[in-house]
Amino acid sequence: MVNTKDKFPDYKLIHSQVLQDCIKRVKLAFDRWLKADKNGTRLGKPRFNGKGRYRIINN
């Protein structure tokens with residue numbers, strides 16, 4: 001995350017909280033996918049929303 005804005009100059013226009021939220025959501029989605037539930041079945045693979053999803057920041 002630290003060098004992301006240096007490697008991709010367009011990311012300087014995006015607030016750091018939005019980038020951190022995106023990284024957090026991707027990590028949670030893949031953690032849920034890889035971990036089985038209590039019955040031993042895995043959930044479906046992660047699907048992500050389009051670019052219009054982040055108009056405002058919701059927690």
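Residues numbered from 1 in each chain as written. Predicted model: local features only at pLDDT ≥ 70, side-chain atom pairs only at ≥ 80, totals over all residues. Heavy atoms only, no water.

## Considering the overall build of the protein
A tally of regular secondary structure across the protein gives two helices and zero strands. Within the span of the protein, comprising 59 residues, buried residues form 8% of the whole. Accessible area for the protein stands at about 5800 Å²; split by element, carbon and sulfur atoms hold 54% of it. (Helix = DSSP H or I, 4+ residues; strand = E, 2+ residues; numbered from the N terminus. Buried < 20%, exposed > 50% of the residue type's maximum accessible area, 1.4 Å probe, protein only. Areas by Shrake-Rupley, 256 points an atom, 1.4 Å probe, with all protein chains shown as cover.)

## Thoughts on the packing of aromatic side chains
If you walk through the whole model with that rule in mind, you get two aromatic pairs. Aromatic pair Phe30 and Trp33: ring centres 5.9 Å apart, planes at 70 degrees, arrangement edge-to-face. In this pair, Phe30 and Trp33 are both assigned in helix 2 (residues 16-34), three residues apart and thus about one turn of the helix distant. With relative accessibility at 25%, the residue Trp33 sits in the partly exposed group. (Phe/Tyr/Trp six-rings, centres within 6.5 Å; stacked < 30°, edge-to-face > 60°.)

## What about the pattern of salt bridges?
Within the structure shown, the criterion is met by three salt bridges. Close ionic contact of Asp21 with Lys24 constitutes a salt bridge, the shortest N to O distance being 3.9 Å. One end of the pair is Asp21 and the other is Lys24, both in helix 2 and three residues apart, which spans about a single turn. In this structure Asp21 comes out as buried when scored by relative accessible area, which is 10%. The exposure class assigned to Lys24 is partly exposed, which follows from its relative accessible area of 48%. The shortest N-O distance in the salt bridge between Arg25 and Asp21 comes to 2.9 Å. Remark: Asp21 and Arg25 occur in helix 2; sequence separation between them is four residues, near one turn of the helix. Arg25 gets classed as partly exposed once you look at its relative accessible area, which sits at 32%. Taken together, the shared-partner salt bridges in this structure form one network comprising Asp21, Lys24 and Arg25. (Salt bridge = Lys/Arg side-chain N within 4 Å of Asp/Glu carboxyl O.)

## Details of helix 2
Helix length check: helix 2, at 19 residues, gives a terminal C-alpha distance of 27 Å against a target of 27 Å (1.5 Å per residue), a fit within 8%. Within the sequence span of helix 2, burial applies to Val18, Leu19 and Asp21. The buried residues of helix 2 occupy an angular sector of 160 degrees when the element is viewed end-on, so they sit on one face. Set apart from the buried face of helix 2 by more than 90 degrees, the exposed residues are Lys27 and Leu34. (Expected span 1.5 Å × (residues − 1). Arc of directions from axis to C-beta.)

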